[in-house]
Amino acid sequence: MPSGAVPDALPDVRSIAVLRANAIGDFLLALPALEALRAAYPAARITLLGLAWHRDFLTGRPGPVDEVVALPPDPLAAPPGERLRARRFDLAVQLHGGGRESNPFVRKLGARVTAGLCTPDAERLDRWLPYLPYHHETLRYLEVAALVGARTAGLEPRVRVTAADRAEAYRVVGEVPRGAVAVHPGASDPRRRWPPERFAAVADALGRPVVVTGSEAERELVLRTCEAMRAPAIPVAGTLGLGGLAALYQRCDLLVGNDTGPRHLAAAVGTPTVSVYWMVNLINHGPISRARHRPLVSWTPACPVCGAGSLEPAAERCPHDVPWVTDVPVESVLEQAVQLLEAS
């Protein structure tokens, strides 16, 4: 394990593989580390080992990634294929988690140097740091980048919106009204979902044009939010790709939502956000700055139905998929939203 001193960049690095094969929010939180790698190795080709959606979203988009190799849906179930090993990467960086499954995969790439995180039971890489549960993901992966001499002053992810993104948003939504606010009531984990009726109350109180966004799986939440509003809203459920959604958010003055990938996407295109977080998730995934991003924190320590706790990382999850964040009042979310809109 390296000492506390930050090492210099490695010599003669022409190719870098980075493993980060998960969801949009996870990728965006690791984007500053990818930017740091690009700054430290400007002549190297950076290959993201990701999923099909990474390829679709990043192909042709300015940023630190030169290419995406789309791994199978269960990317770590088998060792990397011969084509990947034959590329003989100079550097392989694991930004995928604690390394129990990902480090053997990265080792088998055959790179000259490997770097990443390790839980106590994970295979060690050439340069590594311990994986500890409560640590902001962006800072965690910037520390990994520093293991190979990559440093950056940028902590917030940034995503460039392209002309194709704007064309997609216009084709689906049309012209976004001036002063619009986006509302995103969904989240992949039902425990992180603030009730749609509360989002509707905030949206009505703001008195702005409102666009309610969600995936196809979140269509019911989108429609419930729109139906609960007194004023009409534009529902956008499952009709935009990530690029089009980024363009839509960039046209909005604010996003109000849950702790979810679209919140990170809105922030990455420069839109202020107000979001509802469960306290533990705020530590690892919350916005770092407060000038333009305001998280409201739920302090619920246990399941509202059965009382099962979930503060310990190894705690077994209870079967109740009910919201844990209902202690966050409408008035608090509205106050922060008004402040950000008045400051814009």
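Residues numbered from 1 in each chain as written. Predicted model: local features only at pLDDT ≥ 70, side-chain atom pairs only at ≥ 80, totals over all residues. Heavy atoms only, no water.

A. Quick look at empty space enclosed by the protein. Within this structure, the stated rule accounts for one cavity of 30 Å³ or more. In terms of lining, the largest cavity is formed by 13 residues, of which the most central are Leu29, Glu156, Pro157, Arg263 and His264. Here the lining of the largest cavity gets three residues from one element, more than from any other, and that element is helix α10 (residues 261-268). Across the lining of the largest cavity, the residue classes tally to six nonpolar, five polar and two charged. (1 Å grid on protein atoms, 1.4 Å probe; cavity = no way out; pocket = protein on both sides within 12 Å on 5 of 7 lines; lining within 4 Å. Points joined across faces, edges and corners; volume = space filled by probe spheres on them. Helix = DSSP H or I, 4+ residues; strand = E, 2+ residues; numbered from the N terminus. Nonpolar A, V, L, I, M, F, W, Y, C, P; charged D, E, K, R; others polar.)

B. Representation of the sheet that holds strand β12 (residues 293-298) in the model. Taken together, six strands build an open sheet; the order of strands is β9-β8-β7-β10-β11-β12 and the sheet is parallel. On the outer flanks of this sheet lie β9 (234-237) and β12, each paired with one strand and no other. Within the sheet, the average angular offset between the axes of one strand and its neighbour, ignoring direction, is 20°. Sheet topology note: the strand β10 (residues 254-258)/strand β11 (residues 273-278) ladder contains four bridges and is parallel. Across the sheet, residue glycine 257 finds its bridge partner in β11, namely serine 275. Across the sheet, helix α7 (residues 196-206) is in contact with β7 (181-184), β8 (210-214) and β10; its angle to β7 comes to roughly 175°. Sitting on the sheet, helix α9 (residues 242-250) is in contact with β7, β8, β9 and β10, with an inclination near 155° to β8. (Pairing = 2+ DSSP bridges. Axes fitted to C-alpha atoms, helices over the stretch in contact; angles between N-to-C directions. Contact = heavy atoms within 4.5 Å.)

C. Region of interest: the pairing of β7. Burial along β7 is two-sided: the residues Val181 and Val183 and Ala182 and His184 are all buried. In this structure, β7 lies alongside β8, joined through three bridges in parallel fashion. For valine 181, the partnering residue across the bridge sits in β8 and is valine 210. A crossover connection joins β7 to the parallel β8 through α7; in handedness this β-α-β unit is right-handed. Here β7 runs beside β10; their pairing, made up of four bridges, is parallel. Paired with valine 181 across the strands is leucine 254, a residue of β10. (Buried < 20%, exposed > 50% of the residue type's maximum accessible area, 1.4 Å probe, protein only. Right-handed = clockwise from strand over helix to strand, strands pointing away.)

D. Quick peek at the layout of surface pockets. When its volume is computed, the largest pocket comes out at roughly 770 Å³. Lining of the largest pocket is provided by 37 residues; of these, Ala187, Ser188, Glu218, Thr260 and Pro262 occupy positions nearest its centre. Considering only residue class, the lining of the largest pocket consists of 16 nonpolar, 14 polar and seven charged. Every residue lining the second largest pocket is counted, 26 residues in all, and those nearest its centre are Pro133, Tyr134, Val280, Asn284 and Pro313. Of the residues assigned to the lining of the second largest pocket, the class counts are 11 nonpolar, six polar and nine charged.

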